[in-house]
Amino acid sequence: MSTGETAATAETYEPRGRNKSGSPRQIPVVGVVTEDDAAEGIFKPMDLNRVIKLLEETDEVSKNDLEEKQLKSVRKLVQYYQNGFPLRDLAQIFKILNLCTGKIESHPQFLECACDLLKLCGLPFLKKKVSDEITYAEDTANSIALLGDLMKTPSSNLRIQICKCIVDFYHAEPPKKHITGYEQASSSYKIQMAEVGGLAKTMVQSMALLENQLVEKLWVLKALQHLSTSEVNCTFMMKAQAASGICAHLNDPDPSGQLLFRSSEILWNLLEKSSKEEIIQQLSNLECLLALKEVFKNLFIRGFSNYDRQLRNDILVITTIIAQNPGAPMIESGFTQDLILFATFNEVKSQNPLVKGLKLTNSYEDFELKKLLLNIIVILCKDLSTIQLLVHGKVILALFTYVKNPEKQKIIEWSSAQREELQLHAIATLSSVAPLLIEEYMLYQGNARVLAFLEWCESEDPFLSQGNSFHGTGGRGNKFAQMRYSLRLLRAMVYVEEEIINKDLCEKGTIQQLIGIFKSTINKPNEKEESIVLEIQSDILLTLSGLCEHHIHGKEIFGTEGVDIILHVMKTDPKKLQSGLGYNVLLFSTLDSIWCCILGCYPSEDYFLEKEGIFLLLDLLALNQKKFCNLILGIMVEFCDNPKTTAHVNAWRGKKNQTAASLLIKLWRKEEKELGVKRDKNGKIIDTKKPLFTSFQEEQKVMPLPANCPTVAVMDVAENIRAKIYAVLGKLDFENLPGLSAEDFVTLCIIHRYLDFKIGEIWNEIYEEIKLEKLRPVSTDTKNLEAITTASENIGKMVVSLQTEMIESQARQDVQNEQKVYTKIQATHKQRELANKSWENFLARTSNAKTLKKAKRLQEKAIESSRQNERPQNAVFHRTEIKGLNTTVSSGRVVTVESTPARIIGGPLADTDIALKKLPIRGGALQRVKAVKTIDEPKKSNLT
């Protein structure tokens, strides 16, 4: 029930709820508590509207009496709500609070009342219904937002109390006593309403009123520190320019040290929970950077406690984030120079008073500081204006002090794990800084230092690597981490393409050394180290490519040993390319090495061909992985300049006896399908005017371009593999390609005319551009343009005609082949029919005696008719049949049937004349069995 419904004051309240006449009265319950009922935990009614009306009155006549009444009513209100404010009364209570604060300047007595009300705001709000949190959400948000506006009141105590009230939102105390019929609102309700009301924004704006009031400022920072734990509040604070406002005053006097701590915490939260780019932009001004510089310098030089060191590191991290913005005036503020000095003072002697007598310990905070300083150098060097400061600070020399055997480093007494991590971090930093400082790199003999360190990495000297850090991943108990970052540094220097560096490396035997390192890593590593080893091998190959690309002498040094390691990588199981360990990168590096280290050196090319390198290249091409095809085809084009290559390409056979030409044509078809080139179902050209047009070219409109800008048709040559396929097939001779199908020949017709079609495309573009620019060529040029376009179209028609002829020829051949197959099938069926008929006759003879006798007579008749009627004189006649044998199949002199046991019938030949003869054959089939009694029945043989 709202307080607006109240009709009586506390003074006219009757305990039983009835007036003097006995009639019932409707009196709302609004949180008035008497001393007697406090123990029962019951809110008693109070007319809040009357209190508000009383506070709004201004009676000049009885001014003192009115003030006294106002104070009394507010104090009574505080007493009544000492266990917390109900949500339904919150809007009126905050209106009363606002009226009280408005009177403080003229009537200081109201300060105590306002502070008492603020203290009660720190208690949890109360709800009578579960839905009260939703029902009164808007009133609650507006009420809490009023706290920020009250900060404008020029009262130190009130401002401090407001801040305490806000802090209590996050450390709420339970109510003193439970109120019957009311429940405590959820602990996060106030925090959510503060977000909705935008309290954080008004609190930031109030900072401008507290320039010289340290205590109040610290309380506001404490409140903002709590508010900044929310993303919503951080967004409000960002819009109020909180980052720049807080950072600019980091260096303000503060004996307690809370200002710096709370400010840095707020800046951290703003960077993490709001728009990082916007916060960096707010902090990227001279005022903020000067403040950060002074704070960091003081903490670096004068901070000795663990807390100071942690705060110093936090400030450096914030500075590192700001330094990522190219527009931040790091150099102008002098911060860059100081950071370089602090990063190198331990390794390079300096007379600067800032670091005189300054030392770092091996504590965790100082160790983190050293790594952060190395990290910020990498970020600072992205600004080319920093280079001169890096030279002056001797950064290269400082970093090279770590490029040596860790046991020889005596710069500071770090632990072995710390020393190793700093070493790896320093080498990684050199990879970013050294390419910018080539003169300094060569002055300090950088190549010699790196190669010597690589030699130590390859040696078998005992070294117990910790491998705990980010840079030491995969390097526990070995030197892989050191080798990995050293090779990365060497690769970075080689790819600067500075003649003096590459020449110096070649003279120092780098190519042979890198090949040796690669061979030493070929042995199977552990699974945990495999990805690191693959990265090392990739970096070696890329470095070798950089050293040999433009130096024929380097290619000669690379020689057969280098070719062997390339062939070894190319023989990798293709399944490993999908493992995600880095085999793809290694293969890319290998292909790049073929291009840079082998091509152009004829002995190496011949050795590569001799070792079946072209076969391996085609095997990789047959994997049909688009990311490799372009590079492999480019290598193939270059290799085909060697006259020995053609025989190797034609000799290659892939799966299902596929030839290289067939593979290339298949890749062409796949590429055209992906590009959206129009072809019919047989692969024929559809549009003879634009036979090579891709879907992108169709969508892209022709537009006038400067002469030095390539057109879409020209760019198409470089953006897909069709031109390379054309070049390879052209060098293999289009007329003598083995293993092609009719479909391949249809596609080959297009490939053969690729150059003609492409020239036609370019002339068409020229013609279209002339029309768009509204130029009118002379009649001769017009005729030439029309002749060129007509000739290009005629070539397309000719190719279509040839394709049609091939398709029809293939169709006729298919019909002939089909007829042959059908004839073969018919012959097969005929043979089966004859076999079936023969089998049926055979079964008939075995199951029907009449049929058997008939067949026997036919057989005897055939035998008799085949004999000569006239016998030569003195000729000896030999009978070829056996008497008494009822069979119709050819028989030998002796037939043994094992299916019928001899003990039953005495053998199959027991009744024949031959059975009486003695033959040297074991078994009872040729002898009479006396135990068998014959019966005068028609004899049936078991043989047919």
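Definitions and cut-offs
- Residues numbered from 1 in each chain as written.
- Predicted model: local features only at pLDDT ≥ 70, side-chain atom pairs only at ≥ 80, totals over all residues.
- Heavy atoms only, no water.
- Helix = DSSP H or I, 4+ residues; strand = E, 2+ residues; numbered from the N terminus.
- Buried < 20%, exposed > 50% of the residue type's maximum accessible area, 1.4 Å probe, protein only.
- Contact = heavy atoms within 4.5 Å.
- Areas by Shrake-Rupley, 256 points an atom, 1.4 Å probe, with all protein chains shown as cover.
- Axes fitted to C-alpha atoms, helices over the stretch in contact; angles between N-to-C directions.
- Parallel < 35°, antiparallel > 145°, perpendicular 65-115°, else oblique.
- Left-handed = near helix turned anticlockwise from the far one by under 90°.
- Nonpolar A, V, L, I, M, F, W, Y, C, P; charged D, E, K, R; others polar.
- Phe/Tyr/Trp six-rings, centres within 6.5 Å; stacked < 30°, edge-to-face > 60°.
- Lys NZ or Arg CZ within 6 Å of the ring centre and 35° of its normal.
- Expected span 1.5 Å × (residues − 1).
- Core = buried A, V, L, I, M, F, W, Y, C linked by side-chain atoms within 4.5 Å.
- Polar contact = N/O pair within 3.5 Å; in protein donor to acceptor, adjacent residues only side chain to side chain.
- Disulfide = S-S within 2.5 Å.
- Salt bridge = Lys/Arg side-chain N within 4 Å of Asp/Glu carboxyl O.
- pLDDT = per-residue confidence, 0-100.

## Some thoughts on the overall build of the protein chain
Reasoning step 1: In terms of helices and strands, the protein chain carries 43 helices and two strands.
Reasoning step 2: The burial tally for the protein chain puts 46% of its 944 residues in the buried class.
Reasoning step 3: The contacts in the protein chain between residues at least 6 apart in sequence include a share of 74% that link residues at least 24 apart.
Reasoning step 4: Total accessible area computed for the protein chain in this model is approximately 50600 Å², and 52% of it derives from carbon and sulfur atoms.

## Comments concerning the packing of helix H18 (residues 335–344) against helix H19 (residues 364–380)
Reasoning step 1: It is at 9 Å that the axes of H18 and H19 come closest, and there the two elements cross at 135 degrees. Judged by the angle between their axes, H18 and H19 are oblique. The crossing of H18 and H19 is left-handed. Along its contact with H18, which presents Thr336, Leu339, Phe342 and Ala343, the element H19 presents Lys370, Leu373, Ile376, Ile377 and Leu380.
Reasoning step 2: Within the contact of H18 with H19, the residues separate by chemical class into seven nonpolar, one polar and one charged.

## Description of the packing of aromatic side chains
Reasoning step 1: If you walk through the whole model with that rule in mind, you get 15 aromatic pairs.
Reasoning step 2: Note on Phe296 and Phe300: the rings are 5.7 Å apart at their centroids and 50 degrees apart in plane angle, and the pair reads as tilted. Within this pair, Phe296 and its partner Phe300 are both found in helix H16 (residues 286–302), separated by four residues, close to a single helical turn.
Reasoning step 3: Both rings, one in Trp668 and one in Tyr754, keep their centres 5.7 Å apart while their planes meet at 85 degrees; by these two values the pair is edge-to-face. Of this pair, Trp668 sits in helix H35 (residues 660–675) while Tyr754 sits in helix H40 (residues 754–772), placing them 86 residues apart in sequence. The pair formed by Trp668 and Tyr754 is uniform in burial state, with each residue classed as buried.
Reasoning step 4: Connected via pairs of aromatic rings, a cluster forms that spans Phe296, Phe300, Phe335, Phe342 and Phe345.
Reasoning step 5: Directly above the aromatic system of Phe110 lies the positively charged group of Lys103, at a separation of 6.0 Å from the ring centroid.

## As for the packing of helix H14 (residues 258–273) against helix H17 (residues 306–323)
Reasoning step 1: Between H14 and H17, whose axes approach to 11 Å, the crossing angle comes to 35 degrees. The crossing of H14 and H17 is left-handed. Mapping the contact onto sequence places Leu260, Phe261, Ser264, Leu267, Trp268 and Leu271 in H14 and Tyr307, Leu311, Asp314, Ile315, Val317, Ile318 and Ile321 in H17.
Reasoning step 2: Taken together, the residues of the contact of H14 with H17 break down into 11 nonpolar, one polar and one charged.

## Observations regarding H14
Reasoning step 1: An ideal rise of 1.5 Å per residue puts 22 Å on 16 residues; H14 measures up with 22 Å between its terminal C-alpha atoms.
Reasoning step 2: Of the positions making up H14, those classed as buried are Leu259, Leu260, Arg262, Ser263, Ser264, Ile266, Leu267, Asn269, Leu270 and Leu271.
Reasoning step 3: Looking at the buried side of H14, the elements it contacts are helix H11 (214–227), helix H12 (231–239), helix H13 (242–247), helix H15 (276–283), H16 and H17.

## Some remarks on the nonpolar core
Reasoning step 1: Formed by 229 residues in total, the largest nonpolar core has its most connected members in Leu147 and Leu729.
Reasoning step 2: Setting aside anything within four residues of it in sequence, one finds Leu729 in contact with Ala661, Leu664, Ile665, Phe734, Leu737, Leu748 and Ile751.

## A short note on the environment of Leu286
Reasoning step 1: Its location among the elements puts Leu286 in helix H16.
Reasoning step 2: Looking at Leu286, the relative accessible area reads 41%, which means it is partly exposed.
Reasoning step 3: With 42 residues separating them along the chain, Leu286 and Ala328 place their C-alpha atoms 7.9 Å apart.
Reasoning step 4: Other than its neighbours up to four places away in sequence, Leu286 contacts Pro329, Glu332 and Ser333.

## Quick notes on the side chain of Ser143
Reasoning step 1: Locating Ser143 in the fold gives a position in helix H7 (residues 137–150).
Reasoning step 2: Ser143 gets classed as buried once you look at its relative accessible area, which sits at 5%.
Reasoning step 3: In this structure the side chain of Ser143 is engaged in a polar contact, spanning 2.7 Å, whose partner is the backbone oxygen of Asp139.
Reasoning step 4: Residues within four places of Ser143 in sequence aside, it is in contact with Leu90, Ala91 and Phe94.

## Quick notes on the state of the cysteines
Reasoning step 1: Per the counting criterion, the structure on display carries zero disulfides.
Reasoning step 2: Cys548 takes part in no disulfide bond, and the closest cysteine sulfur to it belongs to Cys597, at a distance of 3.9 Å.

## Digging into the pattern of salt bridges
Reasoning step 1: Scanning the entire structure with this criterion turns up 29 salt bridges.
Reasoning step 2: In this structure, Asp504 engages Lys508 in a salt bridge whose closest nitrogen and oxygen atoms are separated by 2.6 Å.
Reasoning step 3: Given a relative accessible area of 15%, Asp504 falls into the buried group.
Reasoning step 4: Between Glu671 and Lys626 there is a salt bridge, with its nearest N and O atoms 2.9 Å apart.

## Observations concerning helix H26 (residues 499–507)
Reasoning step 1: Every buried residue belonging to H26 is among Ile501, Asn502, Asp504, Leu505 and Cys506, and all of these are buried.
Reasoning step 2: On its buried face, H26 sits against helix H23 (438–443), helix H24 (446–458), helix H25 (480–494), helix H27 (510–520) and helix H28 (530–548).
Reasoning step 3: Just downstream of H26 lies Gly509, where phi reads positive at about 75 degrees.

## Quick notes on unusual backbone geometry
Reasoning step 1: Phi at Asn657 takes a positive value of approximately 60 degrees, unusual for a residue other than glycine.
Reasoning step 2: Position of Asn657 relative to the elements: it lies in the loop between helix H34 (645–651) and H35.
Reasoning step 3: Positive phi outside glycine occurs at Asp733, with the angle close to 75 degrees.
Reasoning step 4: Tracing the chain through its elements places Asp733 in the loop between helix H38 (722–732) and helix H39 (742–752).
Reasoning step 5: The partly exposed category is assigned to Asp733, whose relative accessible area is 34%.

## Focus: the side chain of Thr336
Reasoning step 1: Structurally, Thr336 can be placed in helix H18.
Reasoning step 2: Given a relative accessible area of 0%, Thr336 falls into the buried group.
Reasoning step 3: Excluding residues that lie within four positions of it along the chain, Thr336 makes contacts with Met330, Ile331, Leu380, Thr386 and Leu389.

## Regarding the confidence of the model for the protein chain
Reasoning step 1: Taken residue by residue, the protein chain gives an average pLDDT of 83. The fraction at 70 or more is 84%.
Reasoning step 2: pLDDT under 50 marks residues 1–42. Its contacts with residues more than four places away, or in other chains, come to 71 contacts.
Reasoning step 3: Taken as a whole, residues 914–944 scores under 50 in pLDDT and shows 46 contacts with residues more than four places along the chain or in a different chain.

## Quick notes on the environment of Leu487
Reasoning step 1: When you line up the elements, Leu487 lands in helix H25.
Reasoning step 2: Measuring from C-alpha to C-alpha, the distance between Leu487 and Ile536 comes to 7.0 Å, with 49 residues separating the pair along the chain.
Reasoning step 3: Other than its neighbours up to four places away in sequence, Leu487 contacts Leu454, Leu514, Ile536, Asp539, Ile540 and Thr543.

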